[in-house]
Amino acid sequence: MSPFHSNIATLRHPEPQSTARAPVRPVFLPFAGCPYRCMYCAQDDQTGIHAGAIAPGDLKRELALEFRTRDKPVELAFYGGTFTAIPGELMQAYLDIAASLKKAGLVARVRCSTRPDCLDSQTLDRLARSGVDMVEVGVQSFDDAVLAASGRGYDGVAALRGCEAVHAAGLELGIQLLPGLPAMTPGIFTHDVFATASLAPSVARLYPLLVLEKTPLADKWRAGAFAPWAVEDTVNALAGALPVLWKAGVRVIRTGLAPETDLDAAYLAGPRHPAMGQRVRSLALQRLLEPTLLSIPGPVRLEYPRRFQGELWGHCGELAPAYARLGLHRENTVPHGPPWDGNLFVMSQLPDSAPTR
Ligand code: SF4
């Protein structure tokens, strides 16, 4: 942020710009390779796929049909299980499909998701040799007590080592965190966010923990032995996380689970909101702007990048009162577009305005 000179101050939004990438074509392999089913996990309901992982032969046929009508390459993403723990030959069969499509120019990139304790260097080298570009690691937390209470089967050091092994193999790293796990507090989540930033992943996903039907966590919740985070606490925690990750160059590609009909049916409790992403991003932006707004006496004029129009005031304008307290009102805001910098916010004191704050 540049300092406040006379009556103008600027702020550059710290979110890393996403480069144009091929659209992701997910291949969901629910529970494939998972050593056991985690207490909160319902990958079948989360992905809407109940028939189990697709066999490589079927996947090959499905993709061959699909690519007849696709005109642009995709990023093939193996999600929904523990990819690196899938038995050797089967994993290789999926990798071979991805490699041959990549060779044919139909697939631009390949990624997979896995657990941090299933990342030995031999397997990672195999992924790298087979053309995998990114490994998303379901770290969930780096905190020993949280990991133990959540039955994850590894500790914080193992989680760190798993992420470092991905870097060491020359692969891009993605990190997934699960705020709201058993024994997790907002303070522990903040530590997890800083640990994530220090590992410099390319992307992060923040999935607030939900209680889903047919999971052991649902039984605990029914017995009163587990309480999920409230929506407002979650929005607060995630809004605090975004700037930390953005400033470390991490793109946050999801805040909350993707909408899915089966997920709606399985949902029992927890921080779910239809505009979770917008609420979190909006609050993060308000907190970024607040110190500068406070430094300007009196009512303020704001020129802001047009692409933030849907975020500035928050979901249904919920942040308007907070901005009013900072001297900013809707009538004094102007969106700007190219050739202006798409990240630049310019704040100035309104002429002839008496300080009102
Ligand atoms: S959370 Fe990950 S490791 Fe655990 S069961 Fe679900 S997909 Fe498997």
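- In the nomenclature of an unreviewed UniProt entry, the chain corresponds to Radical SAM protein from the organism Oceanidesulfovibrio indonesiensis.

1. Quick notes on the overall build of the chain
1) Next: Assigned secondary structure in the chain consists of 12 helices and 13 strands.
2) Next: Over its C-alpha atoms the chain spans a radius of gyration of 22 Å, differing by no more than 12% from the 21 Å that the globule rule assigns to 357 residues.
3) Next: Dimensions of the chain along its principal axes, counting C-alpha atoms only, are 75 × 50 × 35 Å.
4) Next: Taking all 357 residues of the chain together, the buried fraction comes to 52%.
5) Next: Here the contacts in the chain between residues at least 6 apart in sequence split such that 80% fall between residues at least 24 apart.
6) Next: A total of about 15,700 Å² of accessible surface is found on the chain, and carbon and sulfur atoms cover 55% of it.
7) Next: Averaging the locations of the 35 positively and 35 negatively charged side chains of the chain gives two centres separated by 4 Å.

2. Considering the environment of Glu 89
1) Next: Within the element layout of this structure, Glu 89 appears in helix α3 (residues 88–103).
2) Next: Under the relative-accessibility criterion, Glu 89 is labelled exposed at 74%.
3) Next: Linking Glu 89 and Ala 197, residues 108 residues apart in sequence, is a C-alpha distance of 35 Å.

3. Considering the sheet that holds strand β11 (residues 300–305)
1) Next: Sheet architecture is open: 4 strands sit in the order β1-β13-β11-β12, paired in mixed fashion. The open sheet has two free edges, formed respectively by β1 (8–12) and β12 (328–336), since each of these has just one partner strand. The average undirected angle you get between the axes of adjacent strands in this sheet is 20°.
2) Next: Alignment of β1 against strand β13 (residues 344–349), held across 5 bridges, turns out to be antiparallel. Within the sheet, the bridge partner assigned to Leu 11 lies in β13 and is Phe 345.
3) Next: Running over the sheet, helix α11 (residues 276–295) touches β1, β11, β12 and β13 and is turned about 35° from β13.

4. Examining the domain arrangement of the chain
1) Next: When cut into domains, the chain gives domain 1 (24–273) and domain 2 (282–349).
2) Next: Each of domain 1 and domain 2 was reduced to a C-alpha centroid, and the two centroids are 34 Å apart.
3) Next: For the pair domain 1 and domain 2, the two sides together bury roughly 500 Å², of which 70% comes from carbon and sulfur.
4) Next: The largest per-residue losses of area from domain 1 upon contact with domain 2 belong to Asn 236, Ala 239 and His 273, which jointly make up 54% of the total buried on that side.
5) Next: Counting the contacts that link domain 1 with domain 2 gives 0 salt bridges.
6) Next: In this assembly, domain 1 and domain 2 are joined by 1 residue pair in polar contact (both at pLDDT 80 or more).
7) Next: Here the residues of the side of domain 1 that touches domain 2 sort into 5 nonpolar, 3 polar and 1 charged.

5. Regarding the site of the ligand
1) Next: Looking at the ligand, there are 13 residues lining it, with Cys 34, Cys 38, Cys 41, Thr 82 and Arg 115 nearest.
2) Next: Its residues assigned to classes, the shell around the ligand shows 6 nonpolar, 4 polar and 3 charged.

6. Here's the deal with the environment of Ala 204
1) Next: Inspection of the secondary structure assignment puts Ala 204 in strand β7 (residues 203–206).
2) Next: Sequence-wise, Ala 204 and Gly 317 are 113 residues apart; in three dimensions their C-alpha atoms are separated by 27 Å.
3) Next: Discounting residues that sit within four places of it in the chain, Ala 204 has contacts with Ile 175, Leu 245, Val 250, Arg 251, Val 252, Ile 253 and Arg 254.

7. Here's the deal with the confidence of the model for the chain
1) Next: In this model, the chain carries a mean pLDDT of 93, and residues with pLDDT of at least 70 account for 96%.
2) Next: Across residues 1–5, confidence stays below pLDDT 50; counting only partners more than four residues off in sequence or on other chains, it has 10 contacts.

8. Quick word on the packing of aromatic side chains
1) Next: Within this structure, the stated rule accounts for 7 aromatic pairs.
2) Next: Judged by centre distance (5.2 Å) and plane angle (55°), the rings of Phe 308 and Phe 345 are tilted. Residue Phe 308 is located in the loop between β11 and α12 (320–325), and its partner Phe 345 is located in strand β13; the two are separated by 37 residues in the primary sequence.
3) Next: Under the relative-accessibility criterion, Phe 308 is labelled buried at 1%.
4) Next: With relative accessibility at 0%, the residue Phe 345 sits in the buried group.
5) Next: Three or more aromatic residues joined by ring pairs make a cluster, and in this case those are Phe 78, Phe 83 and Tyr 94.

Conventions used here
The numbers attached to residues start from 1 for each chain and follow its sequence in the written order. It should be noted that, the model being predicted, local features are given only for residues of pLDDT at least 70 and side-chain atom pairs only at 80 or more, the latter also being counted only at that level, while totals for whole chains, interfaces and linings use all residues. For side-chain calculations, the full set of non-hydrogen atoms in the structure is used, while hydrogens and water are omitted. Helix and strand definitions here come from DSSP, where helices need a minimum of 4 consecutive H or I residues and strands a minimum of 2 consecutive E residues; each element is numbered from the N-terminal end. Computation of the radius of gyration draws on C-alpha atoms, with the globule rule given as 2.2 Å multiplied by the number of residues to the power 0.38. Three exposure classes are used, based on accessible area relative to the maximum for each residue type with a 1.4 Å probe and protein chains only: buried under 20%, partly exposed in between, and exposed over 50%. Should any heavy atoms of two residues lie within 4.5 Å, those residues are counted as being in contact. Only the protein chains shown count as cover for residues, and all accessible areas are computed by the Shrake-Rupley method using a 1.4 Å probe. Residues counted as positive are Lys and Arg, residues counted as negative are Asp and Glu, and His and the chain ends are not counted. Here the site of a charge means NZ on Lys, CZ on Arg, CG on Asp, or CD on Glu. DSSP calls a pair of strands paired once it identifies at least 2 bridges connecting them. In this analysis, axes come from line fits to C-alpha atoms, helices being fitted only over the stretch in contact, and the angle between any two N-to-C directions falls in the range 0 to 180 degrees. Bear in mind that the domain bounds are from an automatic or database domain assignment. Note on definitions: buried area is the accessible-area loss of two parts on being combined, 1.4 Å probe, summed for both. Any carboxyl oxygen of Asp or Glu that lies within 4 Å of a side-chain nitrogen of Lys or Arg is treated as forming a salt bridge with it. Polar contacts, as counted here, are pairs of nitrogen or oxygen atoms within 3.5 Å of one another; within protein the pair requires one atom able to donate a hydrogen and one able to accept it, and residues that are adjacent in sequence qualify only if both atoms are side-chain atoms. Any residue that is not Ala, Val, Leu, Ile, Met, Phe, Trp, Tyr, Cys, Pro, Asp, Glu, Lys or Arg is counted as polar, Gly included; the first ten are nonpolar and the last four charged. The rule for a residue being near a molecule or strand is that one of its heavy atoms must lie within 4 Å of it. Summary of the metric used: pLDDT quantifies the predictor's per-residue confidence within the range 0 to 100. Here a pair means two rings of Phe, Tyr or Trp (six-membered ring of Trp) with centres within 6.5 Å. Their orientation is stacked below 30 degrees between planes, edge-to-face above 60, and tilted elsewhere.

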